[in-house]
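Each chain, letter by letter, is given below.
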Amino acid sequence: MSDHPRALTPSEVRRTCPPLSFATTDEVEPLRGLLGQARAEEALRFGVGIQKKGFNVYVLGPSGTGKHHLVRDALASRQSPGPVPSDHVYVHDFSAPDRPIAIAVPPGRGADLSEAMKRVVEDLADAILAMFESDEFRTRRQVIEQKVEARHEEAFAHLAAEATRRNLRMLRTPAGLAFAPFVGGEVLDPDAFAKLPEAQQNEVRDHLEAMENALRAIMHQVPAWRREAREELRAVERELTRLVARHQLAEVRAAFADLEKVTRWLDAVEADIVQHAHAFLPREEDGDGAEAAMQAALSERLHPTLRYRVNLLVDRRGLEAAPVIEEDHPTVERLFGRIDRRAHLGALYSDFTMIKPGALHRANGGTLVLDAQRLLTSPAAWDSLKRALTHRQIEIESLGRVMGLTTSELDPEPIELDVKVILVGERRLYYLLAAYDPDFDQLFKVAADFDDTVPWDEAMQGDLCRLIAGMARSDGLLPLEAPAVARVIEESARWARDRRQLSAELSPLSNLLREADWRARDRGGARIEVDDVRGAIAARDHRLGRLRERSLARFADGTLRVVTEGAVVGQVNALSVLAVGELAFGQPSRITARVRLGRGEVIDIEREASLAGSLHTKGVMILSSYLAARYGQEQPLGVTASLVFEQSYGGVDGDSASMAELCALLSALAQIPLSQSIAITGSVDQTGAAQIVGGVNEKVEGFFDVCRACGLDGTHGVLIPAPNVEWLMLREDVVEEIARGRFHLYRMSSIEDALETLTGRAPARVHEAVAARLATFGGRGAPRRREEDRGR
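Residues numbered from 1 in each chain as written. Predicted model: local features only at pLDDT ≥ 70, side-chain atom pairs only at ≥ 80, totals over all residues. Heavy atoms only, no water.

**Points about the sheet that holds strand 5 (residues 176-183)**
Within the open sheet, the three strands sit side by side as 4-5-6. Their pairing is antiparallel. Bordering the open sheet on either side are strand 4 (168-173) and strand 6 (186-187), each of which pairs with just one other strand. Where strand 4 and strand 5 come together, six bridges link them in antiparallel fashion. For Arg169, the partnering residue across the bridge sits in strand 5 and is Ala180. On the sheet, helix 5 (residues 135-165) packs against strand 4 and strand 5 and is oriented at approximately 135° with respect to strand 4. Across the sheet, helix 7 (residues 198-255) lies against strand 4 and strand 5, angled at about 150° from strand 5, the strand it touches most. (Pairing = 2+ DSSP bridges. Helix = DSSP H or I, 4+ residues; strand = E, 2+ residues; numbered from the N terminus. Contact = heavy atoms within 4.5 Å. Axes fitted to C-alpha atoms, helices over the stretch in contact; angles between N-to-C directions.)

Shown next as structure tokens:
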């Protein structure tokens, strides 16, 4: 075999940070803002500043890039944060008790109105009671009562005189008024009456009947007289109660005379006080203790003073600018408010004082920041928010009513909504909403897109140093020495999986700095040194490395069979990446190919077993197309080939093994062995060109770990697509072995490069061998269909 193509040098597989111009981060001015997020900052400033319908903001990007931090900074640094919005109160609607009235009042005056009405309610009962006990009321009531009594006396005096004229006497008996014959100055008893002549008896009977009829007529008039008296007395009560109510409400009217809706409600309060004046009088206590307690509870539940209270829903006292509210649990009730219930006499009831505000009420007139993932996973919250933003009003509804499960509840008057909503979420959610929700583009017209990586240039490197310095100071960490900062920068490039880029994610950076700080303090150091950073990285890898270590152990003990020495026909080591939570590591997979006389087809055993994904199937179809185009121009391919991932018991997807599969297939056709000490990753197109793949660092490191466990001998290495070279940012231990010549990396631009590296022969010789083998298959004539083919 000829020598392999030139291997990559250590400088080509890992970028190192150049010496920094400071000794420790104490000498570095902290970075203001975030790392490399100028596009997102500009979009956010625009979205926060424009006050037009539909220009709400969706802040999209991966988690840990500081989206919430930048939102807070943008809101805090606004040139015009906006005026303090109105307070909002709910009051009782006397004409429709189940639909409380919403009133907006200038900021701070909602509490004044609530306190003023509280004083009115406290003083109202005493004032009305004093009115009922006043001399004026008693005198006027006495006049009315005397008037009724005079009418009674006059009517009965006239009746008595008429009876006397008819020789009858009106008597008061235990059974009531009665009439009796009166002759010779004496009332006749029944015996004396019986002795009267028949004609005289009949005359007396006629007079008695006439007087009894007259008595009944008077008795029928008495209730009407009393009713008239009561109406007259009620008129007096209303007149005096109205005077009391006006006096009690005069101060409130004067304070809120500029608010028409408050004035109208106070008019309704006055009318209701006049109508229910007697409800303010103390009730007589009777019955046993249980009944008295029940009456007290009923009085508290139904007392009219409850209707005169003010439910201060949103109080803006203390605010100097428009509010900014962050709601981390955006359910329907926490966004739109709720209506509480209270148990009373075995039943649940609600009233307007039990209406509680939501985040939209508190943020009204300002900004509301929500997490998109939590919003979308909360039942009915997303649809309710869209409806509120579209109609620009807040309707307080329970989740049961929104879902159509309950209907008999309070229906508070909606409150006008003027709010800027900022959703913070991942790109996936943004694109899904934009694709499948027709309302989304109309309601969230501004996208603030966060970059997850930034270019690793001199300017950005300086900004990252400043960001690290700022994090260390704000978190109270020890200062970092320059080599430690350089090691953090290099790790940031590993997080970006591209040595030309730096990660813009703040969360892993902050975690690394804190772990390094702990290690420095644990050893009693005054600064964070480079070994502290290395130790923190190694400790994290160890904490997450259980699955990786178990996988390596299975390769080492032969449970998973991978050959890492010698050469084998039709067999190659491909590479894949396993990702579980925060852990991602690479491992080799043994791919084998077998060929036989057939009809020019490539059988993907993974697909036949329903274990292959669509991308893997596409990759196999592409290499089949390559074979047909390369070798089937002059004659049909009289061969059937099969490909399989050996010891693969789960699904296989992706096309990053298609180059390896093509190499295995060509090796099986040419009967030329492939090196087992060199693994390969990369996809192939129909022309045979190598294409870029993901996870190249993990794949290289995974094969390196397996080879090191088996024993490095200087022949081991990995073949990667040429475009992936710029992505390499390998671990330090891998780079050290590359520098020692015990491990190698090779680049490939096409199948020719792969064949040369894996076979050690010129690609033309390999292609000639393939063509010659195919000619032997084709020379036997068209293959006949075998019995097993017919059965299938």
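**Overview of the packing of aromatic side chains**
Each aromatic ring pair is described using two quantities: the centre-to-centre distance and the angle formed by the ring planes. Summed over the entire model, instances satisfying the criterion amount to 10 aromatic pairs. When the centroid spacing of 6.0 Å and the interplanar angle of 25° are considered together, the rings of Trp382 and Phe444 count as stacked. With Trp382 in helix 13 (residues 381-391) and Phe444 in the loop between helix 16 (440-443) and strand 17 (446-449), the pair connects residues that are 62 residues apart, well separated along the chain. Residue class for Trp382 comes out buried when judged on its relative accessible area of 9%. Each member of the aromatic cluster is reached from another via a ring pair, and the members are Tyr58, Trp382, Tyr430, Tyr431, Phe440 and Phe444. When the ring centre of Trp456 is taken as origin, the NZ or CZ atom of Arg15, which lies over that ring, is 3.9 Å away. (Phe/Tyr/Trp six-rings, centres within 6.5 Å; stacked < 30°, edge-to-face > 60°. Buried < 20%, exposed > 50% of the residue type's maximum accessible area, 1.4 Å probe, protein only. Lys NZ or Arg CZ within 6 Å of the ring centre and 35° of its normal.)

**A closer look at the packing of helix 4 (residues 109-132) against helix 8 (residues 260-275)**
For the pair helix 4 and helix 8, the least separation of the axes is 13 Å and the interaxial angle reads 20°. When the interaxial angle is binned, helix 4 and helix 8 end up roughly parallel. With respect to the hand of their crossing, helix 4 and helix 8 are arranged in right-handed fashion. In contact with Leu113, Met117, Leu124 and Ile128 of helix 4, helix 8 contributes Val262, Trp265, Leu266, Val269 and Ile273. Here the residues of the contact of helix 4 with helix 8 are counted per class, giving nine nonpolar, no polar and no charged. (Parallel < 35°, antiparallel > 145°, perpendicular 65-115°, else oblique. Left-handed = near helix turned anticlockwise from the far one by under 90°. Nonpolar A, V, L, I, M, F, W, Y, C, P; charged D, E, K, R; others polar.)

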